[in-house]
Amino acid sequence: MAGSSWRRARRVRAEPALDLAGLHSHIGSQIFGLVSFGTAAERMVAFLRAVECEHGVTIELPDLGGSLGVPYPPGEKDAPAHADLAEVLHTAAPDDVRIALEPGRSIVGATAVAVYEVGTVKGRYVSADGGMSDNPRPATYGAKYTTVLALRASDAAPGDFIVVGKHCETGDVLADGIVLPRDVRPGKRKRTCSASMSVDVLQP
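Residues numbered from 1 in each chain as written. Predicted model: local features only at pLDDT ≥ 70, side-chain atom pairs only at ≥ 80, totals over all residues. Heavy atoms only, no water.

Engineer: Tell me what's going on with the overall build of the protein, and back it up with residues and numbers.
Structural biologist: Within the protein, the regular secondary structure consists of five helices and nine strands. Counting helices and strands in the order they occur from the N terminus, the protein gives α-β-α-β-α-α-β-β-α-β-β-β-β-β. For the protein, buried positions account for 42% of its 204 residues. Contacts in the protein between residues far apart in sequence, at least 24 positions, make up 70% of those at least 6 positions apart. As presented, the protein carries roughly 11,500 Å² of accessible surface, and 54% of it is formed by carbon and sulfur atoms. (Helix = DSSP H or I, 4+ residues; strand = E, 2+ residues; numbered from the N terminus. Buried < 20%, exposed > 50% of the residue type's maximum accessible area, 1.4 Å probe, protein only. Contact = heavy atoms within 4.5 Å. Areas by Shrake-Rupley, 256 points an atom, 1.4 Å probe, with all protein chains shown as cover.)

Engineer: Got a sec to walk through the nonpolar core? Specific residues and values, please.
Structural biologist: Ranked by internal contacts, the top residues of the largest apolar core, which has 24 residues, are F37, V51, I59, L64 and I99. Per-element tally for this core: the top contributor is helix α2 (residues 34-55), with nine residues. Those residues in contact with V51 that lie beyond four places of it in its chain are W6, A9, L20, G56, V57 and I59. Residues A128, Y145, V163 and V184 belong to the second largest nonpolar core, which totals 13 residues. (Core = buried A, V, L, I, M, F, W, Y, C linked by side-chain atoms within 4.5 Å.)

Engineer: Got a sec to walk through helix α3 (residues 82-92)? Specific residues and values, please.
Structural biologist: Listed as buried for α3 are L85, L89 and A92. The buried residues of α3 occupy an angular sector of 60° when the element is viewed end-on, so they sit on one face. Pointing more than 90 degrees away from the buried face of α3 are the exposed residues A83 and T91. Next to the buried residues of α3 lie α2. (Arc of directions from axis to C-beta.)

Engineer: Tell me what's going on with the pattern of salt bridges, and back it up with residues and numbers.
Structural biologist: Between side chains of opposite charge, a pair can form when the charged atoms approach closely. Scanning the entire structure with this criterion turns up four salt bridges. The closest approach of N and O atoms between E52 and R49, which form a salt bridge, is 3.6 Å. Within this pair, E52 and its partner R49 are both found in helix α2, separated by three residues, close to a single helical turn. Taking the relative accessible area as the measure of exposure, E52 reaches 15% and is therefore buried. For R49, a relative accessible area of 32% puts it in the partly exposed group. Its salt-bridge partner being D96, residue R49 comes within 2.8 Å of it at the nearest N-O pair. In this pair, R49 sits in helix α2 while D96 sits in the loop between α3 and α4 (105-108), placing the two residues 47 residues apart along the sequence. What you see here is one network of salt bridges that share partners, running through R49, E52 and D96. (Salt bridge = Lys/Arg side-chain N within 4 Å of Asp/Glu carboxyl O.)

Have a look at this one:
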């Protein structure tokens with residue numbers, strides 16, 4: 001990374017219309033280990049110092065990006081506290097370097113839902129009027145979801161279901177191997193928590 005980063009920094013400095021004001025990194029997604037952020041911060045600071053020394057500039061915005069994990073299904077490990085992450089970064093970076101973060105989903109992760117309507121029920125398959133077009137995470141890297149029946153109680157026996165999307169594409173699956181009452185039926189709504197990444201089936 002350092003080689004390509006050096007080349008980009010030099011290209012910016014060679015362009016009179018541009019100022020080299022910041023650096024940005026991205027170390028991945030859903031990271032729960034705070035040590036990784038500390039390592040990234042240390043490397044960012046080292047690179048920042050080297051660039052400042054070579055080019056005689058002050059870089060005001062080193063940005064570590066996002067990546068802080070949030071729990072999705074029940075039983076997944078708890079997310080690190082923001083205060084703990086701040087302490088790690090404070091230790092890794094000197095006081096004169098203010099590192100920016102993009103905590104995004106770790107702040108809003110449990111605040112939003114998306115609503116789907118049940119289209120058909122065929123055996124174990126429950127179709128939704130959405131899918132990989134609005135939530136590609138299950139299809140692209142196997143994100144897991146929690147599913148419940150809401151707005152009505154059901155005494156029906158539980159069954160094992162697969163919630164699929166409307167796109168008729170291989171892999172257009174929102175949730176696989178979920179437990180729902182066996183009386184789930186068409187014409188009802190499903191709710192997908194788009195931030196906390198759970199899927200809920202609603203009865204209007």
